[in-house]
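Overview (structure and organization)
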Amino acid sequence: MVYQATASAPVNIACIKYWGKRDTKLILPTNDSLSVTLDQDHLRSTTTSRADPSFTKDRLWLNGTEEEIKPNGRTATCIAEMKRLRADLEAEKPNEPKLSQFYVHIASKNNFPTAAGLASSASGFAALVKSLASLYQLPSTPSELSLIARQGSGSACRSLFGGFVAWEMGSSPDGSDSLAVEIAPREHWPEIHALICVVSDDKKGTSSTSGMQRTVETSTLLQHRIKHVVPERMKVISEAIKKRDFNTFAKITMQDSNQFHAVALDTDPPIFYMNDVSRAIISLIVEYNRVSVDAGGPLKAAYTYDAGPNAVIYTLKENVKEIVELVVNYFPQANQFKDPFGLFGSDGVQGN
Ligand code: PMV
């Protein structure tokens, strides 16, 4: 009998950023956050887990290379938590095979550059937890699984849902209420699209773990943000999503990206995640929006940046073609883009 399961999970990109932990072991955040889960095939992690009585230890391969599972590290914690849930199930159903007692081998693949500020840890830990839940035949809901994925990488908890997702920071010291909830499914607002501008696929300089820790220890702006800014923004953006109000969604998304990077700059020593190309893309989107607003129209696009220089541009489907043409025009080196919606017809804007 082969006990094996495969699951995949997509990347999510936050509009209200998670930045700061109040508990580093349980990964409990200092503020709520909210993201959109990208539903395209280009940005996913796919993970296969296998349990077998002949295995002599838990092992993990990432993109074909074996990685050490550090004792008490994040991967070990997620595996242990999933085995605990399986053991509970086996206690209730004594006829089930005792998979919780077998070691597991886990192989995960990303179809995009790892650690380039494209939230590979989010899709990675979400896929890992989903594949183990499937292997162990657990009846858990996405919110329940989010409690475990969160302990792998905070933002991973939001990739258990598609669509528009909030991570409620919770208040319990044991983390039992720090979980992901759905704000709206993808179908609620299918017109929203995300354009990913890969400015650089180098590994990022300051990891989110060490960056957050330094920010929590040194930034006074972070304290203002978590107390006086994020709670209101969460309410307003959730409402905007429910009403499909792109203007408000875009305004808050850009403000929150700006404040996250301001908080990074307010860290001692300062952290710079964006580069000159990132800032040029901001100027382009600001100008694009200004032309629309000056003509009495709404904001048409929103930029946002995570812990790296790559831009994600949220917009409505009707503007995608125009924005890609704009980006390619101003950044002629941006001559490679994927066109998953067939918006450019067979010839595309650029041949290659
Ligand atoms: O989950 P981590 O440790 O990769 O942190 C992610 C932090 C940001 O991507 C910058 C913001 C977010 O909410 O995803």
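Residues numbered from 1 in each chain as written. Predicted model: local features only at pLDDT ≥ 70, side-chain atom pairs only at ≥ 80, totals over all residues. Heavy atoms only, no water.

Here's the deal with the packing of aromatic side chains
As a reminder, the rule being used: To pair, rings of Phe, Tyr and Trp, with the six-membered ring standing in for Trp, must have centres within 6.5 Å; the planes then decide the type, stacked if under 30 degrees apart, edge-to-face if over 60, and tilted in the middle. In this description a helix means any DSSP run of H or I spanning at least four residues, a strand means any run of E spanning at least two, and both kinds are numbered starting from the N terminus. A 1.4 Å probe rolled over the protein chains alone gives each residue an accessible area, and that area as a share of the maximum for its type sets the label: buried under 20%, exposed over 50%, partly exposed in between.
All told, the structure shown has 11 aromatic pairs when counted by the stated rule. Between the aromatic rings of W19 and Y273, the centroid separation amounts to 5.9 Å while the plane-to-plane angle is 80 degrees, which identifies the pairing as edge-to-face. Of this pair, W19 sits in the loop between β2 (12–16) and β3 (21–23) while Y273 is found in the loop between α6 (246–265) and α7 (276–294), placing the two residues 254 residues apart along the sequence. Using a relative accessible area of 3% as the deciding quantity, one classes W19 as buried. Each ring, one from W189 and one from F249, has its centre 5.6 Å from the other, and the planes form 75 degrees; the classification is edge-to-face.

A few points about the environment of P231
How we decide: Two residues form a contact once any of their heavy atoms are found within 4.5 Å.
Relative to the helices and strands, P231 resides in helix α5 (residues 220–243). Considering only alpha carbons, one finds P231 and P97, 134 residues apart in sequence, at a separation of 46 Å. The contact partners of P231, leaving out residues within four places of it in the chain, are R225 and I226.

Quick word on the site of the ligand
This is how the line gets drawn: Proximity is defined per residue: if any heavy atom of the residue lies within 4 Å of a molecule or strand, that residue is considered near it. Distance and chemistry together define a polar contact, namely a pair of N or O atoms within 3.5 Å, with one atom able to donate a hydrogen and the other to accept it when in protein, and with adjacent residues in sequence counting only for side-chain atoms on both sides. What sets the accessible areas is the Shrake-Rupley method with a 1.4 Å probe; for residues, cover comes only from the shown protein chains. Each domain's limits were defined by an automated method or a database of domain assignments.
Within the structure, the ligand sits among 14 residues, and Y18, S153, S155, R158 and S208 are positioned closest to it. In this structure, an oxygen atom belonging to the ligand sits 3.3 Å away from a side-chain N or O atom of S121. The side chain of D306 places a nitrogen or oxygen atom 3.5 Å from an oxygen atom of the ligand. For the ligand, whose free accessible area comes to 380 Å², the fraction covered by protein is 94%. Taken domain by domain, the makeup of the shell around the ligand includes at least three residues from each of domain 1 (3–188) and domain 2 (192–330).

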